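Fold and geometry: a report
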Amino acid sequence: MQIIQPHYHAIARTAQDYERMAMSGVVAVCEPAFWAGFDRRYPETFIDYFRQISEFEPTRAAQYGIRHYSWVAVNPKEAENKTLTQEVLRAMPEFLRMPNVLGVGETGLHKSTPNECDALAAHVELAMAHEQLVLIHTPHLSDKAHGTKRVLEVLAGLKVKPERIWIDHVEEQTVRSVLDAGYWAGMTLYPVTKCSPKRAVDILERYGIERLLVNSSADWGPSDPFTLQECVLEYRRRGHSLQDAVEVFHNNPCRFLGQNPKWDIPPVRIEAC
Amino acid sequence: MLTPQQVIDTYFLESRCVLLEVAAMLDRYEDAMARSGTPAEKQEKLDGMRRALALLADPTPSATRTERLLEIFAEI
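All of these numbers come straight from a predicted model, not from anything done at the bench. (Residues numbered from 1 in each chain as written. Chains lettered and ligands numbered in written order. Predicted model: local features only at pLDDT ≥ 70, side-chain atom pairs only at ≥ 80, totals over all residues.)

**Digging into the overall build of chain B**
Rules: Going along the chain from the N terminus, every DSSP run of H or I of four or more residues is numbered as a helix, and every run of E of two or more is numbered as a strand. C-alpha atoms define the radius of gyration, and 2.2 Å times the number of residues to the power 0.38 defines the globule rule. Put simply, a residue is buried when 20 or more other C-beta atoms lie within 10 Å of its own C-beta and exposed when 12 or fewer do; between those, it is partly exposed, and each C-beta is set from the backbone.
Helix and strand counts for chain B come out as 3 helices and 0 strands. Along chain B, helices and strands appear, N-terminal first, in the series α-α-α. Taken over the C-alpha trace, chain B has a radius of gyration of 15 Å; the compact-globule value for 76 residues is 11 Å, which it surpasses by more than 25%. Dimensions of chain B along its principal axes, counting C-alpha atoms only, are 50 × 25 × 20 Å. Every one of the 76 residues in chain B was classed for burial, and the buried ones make up 0%.

Structure representation (structure tokens):
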């Protein structure tokens, strides 16, 4: 079955991940800009990082037949540095013109501070001005409900197209508010700290599959890209058809990401011979 | 050996994850029951889980919770 990994931090992973993903049906990965594990001090560091994910990483993925796309942004954890954020934002339009960059992300909130909210608004405004998609990170664990509410409040104060915005890391307590506001919602599967494959399938069954994305993020922390395949298996073993699985794990990413003309992977339909 | 605080800090997230899976399983059962309109015919496993959860919620000091849960599950 063909699978799209919509949120994947490839630079933190080995080529073995690419090989195994290719062998398990992954045809494309999307790499949002994220936190390096420490706060970067210089805009040039971001610019080189953006070059890495928009120029170099696609060549690594291509060795395994996987398409690689990326997103650019200042991570919310680093948005407290207002000067740095403004300088990186000024450099971002150059990358938004790159052939495999799909939009602005992951921006969002971490501690939901005023500076973070300002940075989120600035990122979204930049994206809308350049007709880009937006990928928004929501906080983890105890900050999630409040942070997601703040994200929705910030967006409500901006002129946005909800269908072009994906709010990620939703869980049971936040998914409804995101969908009700008209945005796409992403479930990120982590071994311990975020949504689990079984809980993600529960959410798909409860809310339906429209405007829902599933990803396994996978970064330098405790994470596993194959929680996505685990979720496919859980979905299928509950009796959902192969085509329904394709709709969730391949076609929904195509529908959202395909709003950017650079994304040229169409939804697929399985036909019996 | 770990201090009491180290035990909490080391195992909180892992235990949180396990509890969320239990909560999700119970929600899943309720959803399934709502769809079918009837409860499961055989409820012994569910009853055992509820007894286990009640035992875990008891704050009385005891270092035999695991052993007692195994005894509950052995009866199912």
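Moving on from the coordinates now.
**Topic: the overall build of chain A**
Scanning chain A for helices and strands turns up 9 helices and 8 strands. In terms of overall size, chain A behaves like a compact globule, its C-alpha atoms giving a radius of gyration of 17 Å where 273 residues would be expected to give roughly 19 Å.

**A few points about the interface of chain B and chain A**
Quite often, the size of an interface is put as the accessible area lost when its parts meet. Where we set the bar: Contacts are defined on C-beta atoms placed from the backbone: any two residues whose C-beta positions lie within 7 Å are in contact. When residues are sorted by character, Ala, Val, Leu, Ile, Met, Phe, Trp, Tyr, Cys and Pro go into the nonpolar class, Asp, Glu, Lys and Arg into the charged class, and all the rest, Gly among them, into the polar class.
Across the boundary between the two partners, chain B contributes 9 residues, which contact 8 residues of chain A. For the side of chain B that touches chain A, a count of residues per class yields 4 nonpolar, no polar and 5 charged.

**Looking at helix H9 (residues 242-257) of chain A**
All names here are of chain A. Heads up, the condition is: A helix is expected to span 1.5 Å multiplied by its residue count minus one. Bend, at a single residue, is the angle you get between axes fitted to the 7 residues ending at that residue and the 7 residues starting at it.
With 16 residues, H9 extends 22 Å from end C-alpha to end C-alpha; this agrees with the ideal 22 Å at 1.5 Å per step. Roughly 45° is the biggest bend found in H9, and it falls at Asn251, with proline Pro253 one to four residues downstream. The set of residues buried in H9 consists of Ala245, Val246, Val248, Phe249, His250, Asn251, Asn252, Pro253, Cys254, Phe256 and Leu257.

**Points about the environment of Glu171 of chain A**
Residue and element names in this part refer to chain A. Among the structural elements, Glu171 can be located in the loop between strand S6 (165-167) and helix H6 (175-180). Residue class for Glu171 comes out buried when judged on the 22 C-beta atoms lying within 10 Å of it. Put simply, Glu171 and Thr188 are 17 residues apart on the chain and 8.6 Å apart in space, counted from C-alpha to C-alpha. Contact partners of Glu171, with chain neighbours within four places excluded, come to Lys144 and Cys195.

**Concerning the pairing of strand S2 (residues 26-31) of chain A**
Residue and element names in this part refer to chain A. Convention followed: Paired strands are those between which DSSP finds at least two bridges. Crossovers are marked right-handed if the path from the first strand over the helix to the second runs clockwise, as seen with the strands pointing away from the viewer.
Within S2, 5 of the 6 residues are buried, which leaves it mostly tucked inside the rest of the structure. For strand S1 (residues 3-5) and S2, the ladder comprises 3 bridges, and the chain directions are parallel. Pairing of Gln5 across the sheet is with Val29, part of S2. Viewed along the sheet, the connection from S1 through helix H1 (residues 15-23) into S2 turns out right-handed.

**Some points on the confidence of the model for chain B**
We apply this condition: Think of pLDDT as the predictor's per-residue confidence, scored from 0 to 100.
Per-residue confidence for chain B averages 96 on the pLDDT scale, and 100% of its residues sit at or above 70. Across the interface, the model reports ipTM at 0.92; the global pTM reads 0.95.

**Let's talk about the packing of helix H2 (residues 44-57) of chain B against helix H3 (residues 65-74) of chain B**
Residues and elements named next belong to chain B. As a reminder of what qualifies: In this analysis an axis means a line fitted to C-alpha atoms, helices contributing only their contacting stretch, and an angle means the value between N-to-C directions, from 0 to 180 degrees. Under this scheme an angle from 65 to 115 degrees is roughly perpendicular, one under 35 degrees roughly parallel, and one over 145 degrees roughly antiparallel; angles in between are oblique. Should the near helix be turned anticlockwise from the far one by less than a right angle, the crossing is left-handed, and should it be turned clockwise, the crossing is right-handed.
Axis separation between H2 and H3 bottoms out at 9 Å; the angle between their running directions is 165°. By the angle class used here, H2 and H3 are roughly antiparallel. Remark: the crossing between H2 and H3 carries right-handed chirality. Residue-level contacts link Gly48, Arg51, Ala52, Leu55 and Leu56 of H2 to Arg65, Arg68, Leu69, Ile72 and Phe73 of H3. When its residues are assigned to classes, the contact of H2 with H3 shows 6 nonpolar, 1 polar and 3 charged.

**Considering the sheet that holds strand S4 (residues 101-108) of chain A**
Residues and elements named next belong to chain A. On the basis of which strands lie adjacent, the open sheet formed by 8 strands has the order S1-S2-S3-S4-S5-S6-S7-S8 and parallel pairing. The open sheet has two edge strands with one neighbour each: S1 and strand S8 (212-215). The mean angle between the axes of side-by-side strands here comes to 25°, regardless of whether they run parallel or antiparallel. Note: strand S7 (residues 184-188) against S8, 4 bridges, orientation parallel. Among the inter-strand pairings, Met187 is bridged to a residue of S8, identified as Val214.

**A few points about the nonpolar core**
All names here are of chain A. Threshold: We define a nonpolar core as a collection of buried residues of the types Ala, Val, Leu, Ile, Met, Phe, Trp, Tyr and Cys that are connected via C-beta atoms lying within 7 Å of each other.
With 77 residues, the main nonpolar core has Trp71, Val72, Val134, Trp166, Ile167, Ala200 and Val214 as its most contacted residues. The greatest single-element share of this core, amounting to 7 residues, is contributed by H9. Here Val134 is in contact with Gly103, Val104, Gly105, Val124, Ala127, Arg164, Ile165 and Trp166, once residues within four sequence places are set aside.

**Some details on the environment of Ala22 of chain A**
Residues and elements named next belong to chain A. By secondary structure assignment, the location of Ala22 is in helix H1. With 144 residues separating them along the chain, Ala22 and Trp166 place their C-alpha atoms 25 Å apart. With residues near it in sequence (within four places) discarded, Ala22 still touches Tyr64, Gly65 and Ile66.

**Focus on helix H8 (residues 227-237) of chain A**
For H8 of chain A, the full list of buried residues reads Thr227, Leu228, Gln229, Cys231, Val232 and Tyr235 of chain A. On its buried face, H8 of chain A sits against S1, helix H7 (197-207), S8 and H9 of chain A.

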